Amino acid sequence: GNPPWEKVKLSEKEFFAARAPEIAGLAGAKRKQAIARLAEEDPVLFEEYQRSLRHAEGESHLIRRSGRFPLCGRGDVNTYAVFAEAMRDGASPTGRTGVIVPTGIATDDTTKHFFADCVDSKRLASLFDFENRDKIFADVDSRMKFCLLTLTGAKRPVEAAEFVFFAHRTSDLDDPERRFTLTPTDLALINPNTKTAPVFRTRRDAEITAKIYRNVPVLVRDGDPDGNPWGVEFQQGLFNMTSDSHLFRTADELRAEGAELHGNIWVKGDQRWLPLYEAKMVHHFNHRFGDYAMRKANSGDTSLPEVPIDRLGDPTYLVQPRYWVRVADVRSALRGRSVPCLVGLRKTARSTDARTSIASLLPLVGVGDKFPLIYPQRIGPWVVAAWLSSFACDYAVRQKAGGTDLSFFIIAQMPVPADDSRVGFLGGPIWFWIEKRVLELSYVSWDLSGFAQKVGYCGPPFRWIGSRRELLRAELDAAMFHLYGLDRDEVDYVMETFPIVKRKDIAAHGEYRTKRLILERYDAMAEAAATGTEYETVLDPPPADPSLAHDPSTRPEWADWYLGDD
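Residues numbered from 1 in each chain as written. Predicted model: local features only at pLDDT ≥ 70, side-chain atom pairs only at ≥ 80, totals over all residues. Heavy atoms only, no water.

Brief notes about the packing of helix α5 (residues 79-90) against helix α7 (residues 112-120)
Phase 1 of the analysis: Packing of α5 against α7 leaves a shortest axis separation of 11 Å and a crossing angle of 25°. The angle between the axes of α5 and α7 places the two elements in the roughly parallel class. Crossing angle aside, the handedness with which α5 passes α7 is left-handed. Here α5 contributes A84, E85 and R88 to the contact with α7, which in turn contributes F114, D117 and C118. (Axes fitted to C-alpha atoms, helices over the stretch in contact; angles between N-to-C directions. Helix = DSSP H or I, 4+ residues; strand = E, 2+ residues; numbered from the N terminus. Parallel < 35°, antiparallel > 145°, perpendicular 65-115°, else oblique. Left-handed = near helix turned anticlockwise from the far one by under 90°. Contact = heavy atoms within 4.5 Å.)

As structure tokens, this is what we get:
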């Protein structure tokens, strides 16, 4: 069967798009205020909206509370999920059920209970995932992922289910390199908390990923008192871009109120408004990746141009956001936490993008909900940034990202080395070795002074030197591959699974430069391990050399506001 794929929730934007586009175009709180005014300004439209809202809420209440859909009647309910549950439950004990549904049935947070139950009860026979690139469904977006899900009756258990991912046509199901089997034990190893399905492109991806998870535990293992070795807490950013929009101020509004701009902080008397960072403004080891001040006015383009290198080389340069928030609101959103900096990663990401796990350190600023934050209690947040930014971690994440969002349940099941990991060829605990490199990569502007002082560095920001940054990141990536226990051929293979990175490198350098640098550092580390010697960095002079740092006299007056105090 092919059930309907519809959210059981009224979308205000969709409802008003044809009826009152001026309301649909408003954001968050302003749209809700305009809807409320309809009761007097257009009571007929308001009544139609209320009826539609009542209808959607009634359906949602029935699905969630009737007991008919105990596994899929959760979260933002979609009709495809409750149809799949009803169809499975309607099968005879020895029958089979086949259903065409979005691949999210096996990878998303809202359907994890249903899929885990199918796995644990051995009722999952096969899942064949397709991208709609060849327009199998002519009226569905070409990027849409759907699957052929086959389930068995309760008395017809399947010991190992068959999988294919990223198929474009039915003939792809016959490719032995793409078709593989996974047992419930395999799924529990890779996704122990949710039993959701990984999205392996090939049999080798399945083998390498299983090896990683045999070598390295997950970040958080539910139900295990020792299952959170880093002591992490998660937060969906500091501000919801819709429901918290009444707290936001634009530059024009603040200027009209008499505030003055210092760097990217607005000041009026003893009041301050901090920049509100959005996910598109950051990238690996770069919290100045996108600048709203550089976007062309009234272009209609929501993307941000990349900040050029000459600006990144200026330690006093700060990006300008779209909105600002009061210091008091940021402090409240931190919920009493005292941290020198923030660390998180972009929520919107696909396994087909150039990179999937895109993390960064941020100063203590406002952060939108598309940049989930991680607070580790037993290790520095800068170590988390290095781990999340590595190709090794990114590769593992890509095996799980079946949709467009990195939900917390995916992040919690990422593989992470133990917090006391030691690597002999690095001369001791690896986290100290990592810290020095993250410091130089991240502390390139004065607004991260709080982070620098926390790790014991009181000098000025480091210079942005492109060739040196390449080597710093290559060393970090090589060390992470060693920590994950991958051999050289596996590292070579993993790097080939980032085709966009490879294509950009070849266009810029005539070779896959990123892979070559990482393999060279990997080999040097392997040689040090084999000979019982300490790895010698190729970074000369060492990071403490003052020639790498900027002139301390360039320190701007606003730098003190980024030290983590009030």
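Things to note about the side chain of H482
Phase 1 of the analysis: Counting through the fold element by element, H482 comes out in helix α18 (residues 466-483).
Phase 2 of the analysis: At a separation of 3.1 Å, a polar atom in the side chain of H482 contacts the main-chain carbonyl oxygen of Y522.
Phase 3 of the analysis: With near-sequence residues (within four places) excluded, H482 lies in contact with F425, Y522, M525 and A526. (Polar contact = N/O pair within 3.5 Å; in protein donor to acceptor, adjacent residues only side chain to side chain.)

A word on the pairing of strand β9 (residues 271-277)
Phase 1 of the analysis: With six of its seven residues buried, β9 lies for the most part within the structure.
Phase 2 of the analysis: Direction of pairing for strand β8 (residues 265-268) relative to β9: antiparallel, over a ladder of three bridges. Within β9, the residue paired with V267 across the bridge is R272.
Phase 3 of the analysis: In this structure, the hairpin formed by β8 and β9 is closed by a connection of two residues, where G269 is found at a positive phi of approximately 65°.
Phase 4 of the analysis: In terms of strand pairing, β9 meets strand β10 (residues 323-326) through four bridges, oriented antiparallel. Looking at β10, one finds that P275 is bridged to W324.
Phase 5 of the analysis: Pairing of β9 with strand β13 (residues 366-367), which is carried by two bridges, proceeds in the parallel orientation. Paired with Y277 across the bridge in β13 is V367. (Buried < 20%, exposed > 50% of the residue type's maximum accessible area, 1.4 Å probe, protein only. Pairing = 2+ DSSP bridges.)

Focus: the packing of helix α3 (residues 28-41) against helix α4 (residues 43-65)
Phase 1 of the analysis: Where α3 contacts α4, the two axes come as close as 6 Å, and the packing angle between them is 125°. For the element pair α3 / α4, the angle class is oblique. Once α3 is placed against α4, the crossing between them reads as left-handed. Of α4, the residues touching α3 (which contributes I35, L38, A39, E40 and E41) are P43, L45, F46 and Y49.
Phase 2 of the analysis: Here the contact of α3 with α4 is composed, by residue class, of seven nonpolar, no polar and two charged. (Nonpolar A, V, L, I, M, F, W, Y, C, P; charged D, E, K, R; others polar.)

Notes on the side chain of S126
Phase 1 of the analysis: Mapped onto the secondary structure, S126 falls in strand β2 (residues 124-131).
Phase 2 of the analysis: Given the relative accessible area of 7%, S126 is considered buried.
Phase 3 of the analysis: Look past the residues within four positions of S126 in its chain and what remains in contact with it is L148, L149, T150 and E162.

Considerations on the nonpolar core
Across soluble globular proteins, you tend to see nonpolar side chains buried next to one another.
Phase 1 of the analysis: I105, L238, W387, F451 and F481 are the most contacted members of the largest nonpolar core, which has 153 residues in total.
Phase 2 of the analysis: Ranked by the residues each element gives to this core, the list is headed by α18, at eight residues.
Phase 3 of the analysis: With residues up to four places along the chain from it excluded, the contact list for F481 reads F391, A392, L486, V491, V494, M495, I518 and Y522.
Phase 4 of the analysis: A24, A34, I35 and Y49 belong to the second largest nonpolar core, which has 10 residues in total. (Core = buried A, V, L, I, M, F, W, Y, C linked by side-chain atoms within 4.5 Å.)

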